[in-house]
Amino acid sequence: MVQTGLHHVTAFSGPALRNLDFHTRVLGLRLVKKTVNFDDPGTYHLYYGDEAGQPGTILTFFPVEHAAPGRVGIGETQETAFRVPRASIGWWAHRLIEKGVAHEPLVQVFGAPTLRFRDPDGMMLALVGVDADESGWPSAEVPAEHAIRGLHGVTLLLDKAEPTAAILTEVLGLREIGREGSLIRFAGSADVGSFVTIRAVGGFLRGRQGAGSVHHIAFRAADDAAQAAMADRLAGFGLHVTEQRDRQYFRSVYFREPGGVLFEIATDAPGFAVDEPVEALGRALKLPAGLEPHRAEIEAVLPKVA
Ligand code: ZN
């Protein structure tokens, strides 16, 4: 079956080391790729995910050492949520307290226990308890039984829901599955990274991008042909879609959806094992062939992270 839903979420952060420490140590995600922003090679691009960095498990950051904080507003991703086993929510609440990470009281959202907190840059995150069959990846501090099982989904803060909903359902392969208060939830076919929830608020302030802000969210396409078909349908909505860009681990097109959020469509292939074996993911700084001749200069300006 074709897998639809999120491929990855990409955000801005403050200092790289603090970001790495929080997401790998506190949350127990695996660093699956250490590379640079191909559009700005003096900046890291850090990818976190499950053991193999499968689509739907990936959260990535562009860390900037002295970034000003962002402010969430209309036309942005408000919250990024991870899946954890339902029975592990209590363990996580305890862990966040132990690590000095403030969390909001546990709430039920669409029937699922949801624990909201922020990363050190103020990025709004949540853990959502689900019936997860697949096994987790054990990190140094988070045992496999409690480990994060990829992305649950994102919540978009929008002026109105309908124009964005049309893109989700008519182009990106999601379907509406429920409404609750001001929330409308959509789901793709994949088990991991399946959900996009729209919170339509009308007349709220626009956001200001900075540390802790989501820069874009990426949806899955099985291959280049599926991606091209989606781009054609977007053109039918009058939306401008970029040319395909080679991101080394996937191939991407980008467009600004009608609600103002930057969307990407990324191919499942080739994946993160294309330039290093799965066992060694994230250990070495990887550069695309075009930047390899500049490795010494690039390494000289990047902050040391390990
Ligand atoms: Zn991306």
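Note that this is a predicted model, so its numbers are computed, not measured.

K.L.:
Can you walk me through the coordination of the zinc ion in this structure?
P.N.:
Working reference: metal with six octahedral donors, ideal angles 90 or 180 degrees; metal with four tetrahedral donors, ideal angle 109.5 degrees. Bound to the zinc ion are the protein donor atoms His8 (NE2), His216 (NE2) and Glu264 (OE), situated 1.9 to 2.0 Å from the metal. Written as a sequence motif, the donor residues of the zinc ion are H-x207-H-x47-E. Of this pair, His8 sits in strand E1 (residues 6-13) while His216 sits in strand E13 (residues 214-221); the two residues are 208 residues apart in sequence, bridging distant segments of the chain. His8 sits in the buried class, given a relative accessible area of 2%.

K.L.:
Is there a simple way to explain the pattern of salt bridges in this structure?
P.N.:
Side-chain pairs of opposite charge can arise whenever the charged atoms involved come near each other. Following the criterion strictly, the structure yields 16 salt bridges and no others. Where Arg83 meets Glu134, a salt bridge forms, and the shortest distance between an N and an O atom there is 2.4 Å. Taken together, the residues Arg83 in strand E5 (residues 76-85) and Glu134 in the loop between strand E8 (124-130) and strand E9 (151-158) connect sequence positions 51 residues apart. The salt bridge partner of Glu292 is Arg295, with a shortest N-O separation of 2.4 Å.

K.L.:
Quick question: what am I supposed to make of the sheet that holds strand E6 (residues 107-109) here?
P.N.:
Backbone hydrogen bonds are what pair the strands of a sheet, in a parallel or an antiparallel way. The strand order across the open sheet formed by eight strands is E6-E7-E8-E5-E9-E12-E11-E10, and the pairing between neighbours is mixed. Each of the sheet's edge strands pairs with one partner strand only, and the pair in question is E6 and strand E10 (175-180). Recorded for the sheet is a direction-independent mean angle of 30 degrees between the axes of neighbouring strands. Note that strand E11 (residues 183-187) and strand E12 (residues 195-200) share five bridges and pair antiparallel.

About the thresholds
Position numbers for residues start from 1 in each chain and track the written sequence from start to end. In view of the model being predicted, local features appear only for residues whose pLDDT reaches at least 70, and side-chain atom pairs are presented and counted only at 80 or more, with totals across whole chains, interfaces and linings using the full set of residues. As a rule here, side-chain values come from all non-hydrogen atoms in the structure, and water together with hydrogens is ignored. Each metal's donors comprise the N, O and S atoms found within 2.8 Å of it (within 3.2 Å for Na, K or Ca). Water is not part of the atom list, so some coordination spheres may appear incomplete. What counts as a helix is a DSSP run of H or I of at least four residues, what counts as a strand is a run of E of at least two, and both are numbered from the N terminus. Only protein chains enter the accessibility calculation, which uses a 1.4 Å probe; a residue is then buried when its area is under 20% of its type maximum, exposed when over 50%, and partly exposed in between. Here, a salt bridge means any side-chain nitrogen of Lys or Arg that lies within 4 Å of a carboxyl oxygen of Asp or Glu. Note on pairing: DSSP must find at least two bridges between two strands before they are called paired. Only C-alpha atoms enter the line fits that serve as axes; for helices the fit covers just the stretch in contact. Angles between N-to-C directions range over 0 to 180 degrees.

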